[in-house]
Amino acid sequence: MLRPRAAVAAALLHFAATGLLAQGTATLTVEVSDPLQNAIPGAVVTIENAVTGLKREAVTGATGEARFSNLPFRNYEVILFKEGFAVERRTVNLRSNVPVSLEVALRLADEVMQIDVTGSLDTLIDPEATGTRTEINAASFEKSPNPPGARGLEGVLLSMPGFAANANGAIHPRGAHNQMTFVVDGMPISDQLTGAFANAVDPSIVESLDLYTGNVPAEFGNKVSGVAVVTTRTGLNSSRLFQGSHQVSLAQFDTMASQTQFTGGSGKIGYFASFNAMKSNRFLDSVSLDNLHNGGNLQRAYTRLDYQASPKDIIRLGVMSGRSSFQLANLRSQHANLQNQRQALEDISISGGWLRTLDARSTFEVNSSFRNAFARLFPSLGDTPVTAHQARRLGTYNLNARYNRVSGRHTWRGGVDYQRFPLREHFNFAITSPDFNGEADEEFSPALVPYDLTQGGDWFRFTGRAAGSLSSAFLQDTMRMGRFVVTLGLRYDYYRFLARGAQWQPRVGLAYHLKETGTVFRASYNRTYQTPPNENLLLANSREAESLVPPAIRDTLGGASFVIRPERQNVYELGLQQAIGPWASINGTFYHKNSTDLQDNDNFLDTGIIFPTSLASARVNGAEGRVNLFPGRRFSSTLSATHARVVVNPPFTGGLFLGSAAVEALTQGPFIIDHDQRLSLHSNSVYNFTRSLWMSASVRHDSGLVTNPSSADDVAIDPDFFDMLPYVNLESDPPRVRPRTLLDWAAGYTRTDDTKKRWEIAVQVTNMTNRTALYNFQSIFVGTRVVSPRAASLRFRYYW
């Protein structure tokens, strides 16, 4: 198996040859002059968007120019100030990586009777958004309660509309299991990035985040129930050669974390690096109320290098890696039997790209990336009721090219992509408890007897190796026609792996801007093509896995072997944006999706092992909304609301379901799957007492996901689960975990010296009311998981 160090060496050689890097952000140059068109040095130029929280400041040089790079595509307000001149404000629309120049002539202060200090409504809403898009800047979520044990960017996404919360950081975007793609500086990552299955993206490296859940641009494919475009921090255009910070955090459950970051730049070069580590005795969400055998640790690193090779060329290189080692949480019966299973996850990603400005209206870019992810499960002598061993490797190679052109009312973007994903899987398991598949048990399956060690059986063994590919091409255009904005996109995917297929995918959207009232109406239609999850895909589609299905169920399915095929989906959306004066905005959406071959996962007995599966079809109806109150003010708040109804139709394909009850449940009539939730609400509020002292609070309500239809009488006498009965409603139709409302709180103080940060301290309390609740209960897809109890934490950060 290729180890991470060898993978780094191979990837470095690869990028030394290609010299490529990603660029998915805008660049703005502001040229400031006086009324006689003479350059003004020393003018302060501020660019900001109150809704996303982005705010940057630069000072013009001798030529009167100030340059801003790494800007997410959005509308911005530009504010210019120079002593002796009137303050000027402009609104600029940045929608592509074609560089934009803004020329502003300042007026003399004594020639201006009144200065307009009101911002533009166009920064509260997005008149060009033809689908649901939510943006957030690091300055917004850095003050949100976020304990040291939080591992990934998923916690930030949960504050946005469209997501249901699941255990270990897992999220369900718009009724899907987890069909998310993270695009980190141009590198697409479609692995399932949750604490139990893979190392997630570190939120501390993020400069800004753009989330697409409706009318996803044709540029994006593979997993598109949600696309999170991540722009990381950069040192390009930095005012210092070297600066950084070190942070230490302490929390309950013996949780400790540390983080070191440094950044800087000089002339044409900029760099950023981040290194962090964490250990905790509540590493994952527990499978019982007792939090047994649940310790773990992780380390992550990220480095980014930017090089302005010429006025027309930018080159970037990014390296991201992580590792984690943790115990698998035990049930009481497993702990009494001295079960000591452990899991280890490792990954290494290297991305690169080159952006070339061809002329004043067009650019060309090439991006390349390489990612290797490793997962291993280690058994123990006390494993019950099943013991297992796993070692798998998932690789992803990506190469793409993009051409961008701004021509009058049109903004064109077209390109081609090629992905290759080699897989290597080793998986063994055996039954160790005589009660798991006893002949007297009504769920007895003769297919499992050969692998029952208590009945003289032997280990089930599987080894597989294969590679697949996805070739794509797309063309999209944004047309501005007065009050209307039309987006037209077409994508073609050609998938070759265990299953084969191809799909044309139109992506069409329309927005109408009623400027007089600050209103935007929108509608869209998308056809999508989502490929199966690659984690354990070989085993889930194998004859060996098929042999574990009870004979009666196999006969019901016709005795044939089915391969998991890509999910095909039609998505319809209607939406509305409304600005309410200069202090609030509302964004509401209704959507409908119908899917063929719905993608899902089977979690192997509460472990970190997942097996892809699919269901014949599904329909999803949902509504969601987001309110932004007082953005950019001393007090600001957001409220997101989500509703999703998900009905699926069997039969299933793939997975590794042990026991006939689980399989029978998936081969009967239509049912409401565990992605379904009537209502979730998430509110974040921040109050800045001064420039240095702040306080924030987060409130989240979840009405409850669907659980397994277990018998309350059986649960009441089960020593592993009896005390969870008060937190699940098994009498409802369908059964659900009971509603929960969680309150988190944080406060902090930042010490500054001449506007430069020196140190900061913050205290946080999560689940302040110590609410006992469940994410899931005996789900055949994800098992049982308990919400973490109250935990306090303290962090201190020093800047140099």
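Residues numbered from 1 in each chain as written. Predicted model: local features only at pLDDT ≥ 70, side-chain atom pairs only at ≥ 80, totals over all residues. Heavy atoms only, no water.

A.B. asks: How do you make sense of the overall build of the chain when you look at a structure like this?
C.D. replies: Looking only at helices and strands, the chain features nine helices and 41 strands. Relative to the 2.2 N^0.38 estimate, which gives 28 Å for 800 residues, the radius of gyration of the chain is 27 Å and therefore close to what a compact globule would have. For the C-alpha atoms alone, the extent of the chain along its principal axes is close to 95 × 50 × 50 Å. Residues classed as buried in the chain amount to 59% of the 800 residues present. When contacts within the chain are restricted to residue pairs at least 6 apart in sequence, those whose partners lie at least 24 apart make up 69%. (Helix = DSSP H or I, 4+ residues; strand = E, 2+ residues; numbered from the N terminus. Rg over C-alpha atoms; globule rule 2.2 N^0.38 Å. Buried < 20%, exposed > 50% of the residue type's maximum accessible area, 1.4 Å probe, protein only. Contact = heavy atoms within 4.5 Å.)

A.B. asks: I tried to follow the pattern of salt bridges on my own but got confused; where do I start?
C.D. replies: Any two side chains of opposite charge can pair, on the condition that their charged atoms come close. Enumeration according to the criterion identifies 39 salt bridges in this entry. Across the pair D202 and R300 runs a salt bridge whose closest N-O atoms are separated by 3.5 Å. Of the two residues, D202 sits in the loop between β12 (187–189) and β13 (206–212) while R300 sits in strand β18 (residues 296–310), which places them 98 residues apart along the sequence. On the accessibility criterion, D202 (9% relative accessible area) is buried. Given the relative accessible area of 13%, R300 is considered buried. (Salt bridge = Lys/Arg side-chain N within 4 Å of Asp/Glu carboxyl O.)

A.B. asks: Is there a simple way to think about the packing of aromatic side chains in this case?
C.D. replies: Each aromatic ring pair is characterised by the separation of its centres together with the angle its planes make. By the definition in use, this model includes 23 aromatic pairs. Judged by centre distance (6.3 Å) and plane angle (80°), the ring pair of W354 and F364 falls under edge-to-face. Taken together, the residues W354 in strand β20 (residues 342–359) and F364 in strand β21 (residues 362–378) connect sequence positions ten residues apart. Taking the relative accessible area as the measure of exposure, F364 reaches 29% and is therefore partly exposed. Their ring planes at 85° and their centres at 5.3 Å tell us that Y451 and F460 sit as a pair that is edge-to-face. Residue Y451 is classed as buried on the basis of its relative accessible area, which comes to 19%. On the accessibility criterion, F460 (2% relative accessible area) is buried. Three or more aromatic residues link up through ring pairs in this structure, and these residues are F242, F262, Y271, F275 and W800. Over the ring of F253 we find R282; its NZ or CZ atom is 5.4 Å from the centre of that ring. (Phe/Tyr/Trp six-rings, centres within 6.5 Å; stacked < 30°, edge-to-face > 60°. Lys NZ or Arg CZ within 6 Å of the ring centre and 35° of its normal.)

A.B. asks: How should I be thinking about the pairing of β20 in this particular structure?
C.D. replies: Two faces make up the sheet, and in a regular strand the side chains alternate between them. Here β20 lies mainly inside the structure; 13 of its 18 residues are buried. Where strand β19 (residues 313–327) lies against β20, 15 bridges are found, and the strand directions are antiparallel. In the strand pairing of β20, I314 is matched with L355. Strand direction decides the pairing type here: β20 and β21, joined by 17 bridges, are antiparallel. Opposite I350, over in β21, you have F370 as the bridge partner. Adjacent in sequence and paired antiparallel, β20 and β21 are bridged by two residues. (Pairing = 2+ DSSP bridges.)

A.B. asks: Before we go on, may I ask you to explain the pairing of strand β6 (residues 88–94) in this structure?
C.D. replies: Across seven bridges, strand β5 (residues 74–81) lies against β6 in antiparallel orientation. Residue pairing across strands places L80 opposite E88, the latter belonging to β6. Hairpin connection of β5 to β6: six residues between the antiparallel strands, including G84 at a positive phi of 95°.

A.B. asks: Help me out: how do you make sense of the nonpolar core in this one?
C.D. replies: Generally speaking, soluble globular proteins have nonpolar side chains that are buried together. By size, the foremost hydrophobic cluster in this structure holds 35 residues, and its most contacted members are F427, F429, F460, Y495, F497, L539 and F604. Secondary structure elements with two or more residues in this core: β21, β22 (386–407), β23 (410–431), β24 (460–481) and α5 (537–540). The element contributing the most residues to this core is β23, with five residues. Counting residues in hydrophobic clusters, the runner-up holds 29 residues, among them L158, A165, A200 and L211. (Core = buried A, V, L, I, M, F, W, Y, C linked by side-chain atoms within 4.5 Å.)

A.B. asks: So what exactly am I meant to see when it comes to the sheet that holds strand β7 (residues 100–105) here?
C.D. replies: Two pairing modes exist for strands in a sheet, parallel and antiparallel, and in both the strands are linked by backbone hydrogen bonds. Here three strands make up an open sheet; going across it, the order is β4-β1-β7 and the pairing mixed. The open sheet has two free edges, formed respectively by β4 (65–71) and β7, since each of these has just one partner strand. Strand-to-strand, the axes of this sheet are offset by a mean angle of 20°, without reference to chain direction. With five bridges connecting them, strand β1 (residues 26–33) and β4 associate as antiparallel partners. Pairing of E31 across the sheet is with E65, part of β4. (Axes fitted to C-alpha atoms, helices over the stretch in contact; angles between N-to-C directions.)

A.B. asks: I would appreciate a short explanation of the environment of T52 in the present structure.
C.D. replies: Locating T52 in the fold gives a position in the loop between β2 (44–49) and β3 (54–59). By relative accessible area, T52 is classed as buried at 6%.

A.B. asks: Explain the sheet that holds β12 to me, please; I cannot follow it from the model alone.
C.D. replies: If you trace the five strands from one edge of the open sheet to the other, you get β8-β13-β14-β11-β12, paired in mixed fashion. Every interior strand has two partners, whereas the edge strands, β8 (133–137) and β12, have only one. Going across the sheet, the axis of each strand differs from the next one's by a mean of 20°, ignoring polarity. Pairing analysis gives six bridges linking β13 to strand β14 (residues 226–232), with the strands arranged antiparallel. Pairing of V206 across the sheet is with T232, part of β14.

A.B. asks: Help me out: how do you make sense of the confidence of the model for the chain in this one?
C.D. replies: Where the model shows low pLDDT, its predicted coordinates should not be examined in detail. Across the chain, the average pLDDT comes to 88, with 90% of residues at or above 70. Predicted confidence for residues 1–23 stays below pLDDT 50, and this span has 63 contacts to residues more than four positions away or in other chains. Throughout residues 113–119 the model reports pLDDT below 50, and contacts reaching past four residues in sequence, or to other chains, amount to six contacts. (pLDDT = per-residue confidence, 0-100.)

A.B. asks: Mind showing me how you'd approach a nonpolar patch on the surface here?
C.D. replies: Residues W759, I761, V763, L794, F796 and Y798 make up a contiguous nonpolar surface patch of about 510 Å² in total accessible area. Secondary-structure assignment places F796 in strand β41 (residues 791–799). (Patch = residues over 30% accessible without salt bridge, like charges linked within 9 Å, V, L, I, M, F, W, Y side chains within 5 Å. Areas by Shrake-Rupley, 256 points an atom, 1.4 Å probe, with all protein chains shown as cover.)

A.B. asks: I tried to follow a negative patch on the surface on my own but got confused; where do I start?
C.D. replies: Among the surface-exposed residues, D435, D441, E442, E443, D713, D714 and E731 lie close enough to one another that they form a single negatively charged patch. Of note, D441 is situated in the loop between β23 and β24. Residue classification places D441 among the partly exposed residues on the basis of a relative accessible area of 30%. (Lys, Arg positive; Asp, Glu negative; His and termini not counted. Charge placed at Lys NZ, Arg CZ, Asp CG, Glu CD.)

A.B. asks: Before we go on, may I ask you to explain the environment of A139 in this structure?
C.D. replies: Following the sequence through the fold, A139 ends up in helix α2 (residues 138–141). Taking the C-alpha atoms as reference points, A139 and L250, 111 residues apart in sequence, are found 22 Å from one another.

A.B. asks: How should I be thinking about the side chain of S325 in this particular structure?
C.D. replies: On the secondary structure map, S325 appears in strand β19. With a relative accessible area of 14%, S325 lands in the buried category. A polar atom in the side chain of S325 sits 2.9 Å from the side chain of R342. Excluding residues within four positions of it along the chain, S325 makes contact with G296, N297, R342, Q343 and A344. (Polar contact = N/O pair within 3.5 Å; in protein donor to acceptor, adjacent residues only side chain to side chain.)

A.B. asks: So what exactly am I meant to see when it comes to the environment of T690 here?
C.D. replies: Following the sequence through the fold, T690 ends up in the loop between β33 (677–688) and β34 (693–702). A distance of 3.1 Å separates a polar atom in the side chain of T690 from the backbone nitrogen of S692.

A.B. asks: Looking at this model, I keep getting lost on unusual backbone geometry. Mind explaining?
C.D. replies: Residues apart from glycine generally show negative phi values, whereas peptide bonds are mostly found in trans. In the segment running from T384 into P385, the intervening peptide bond is cis, with an omega of 0°. Positionally, P385 belongs in the loop between β21 and β22. Backbone geometry places R174, a non-glycine residue, at a positive phi of 50°. Tracing the chain through its elements places R174 in the loop between β10 (171–173) and β11 (180–184). For R174, a relative accessible area of 2% puts it in the buried group. In the Ramachandran plot, D597 falls in the positive-phi region, its phi being about 60° despite a non-glycine side chain. Relative to the elements of secondary structure, D597 occurs in strand β29 (residues 584–603). Residue classification places D597 among the buried positions, given a relative accessible area of 5%.

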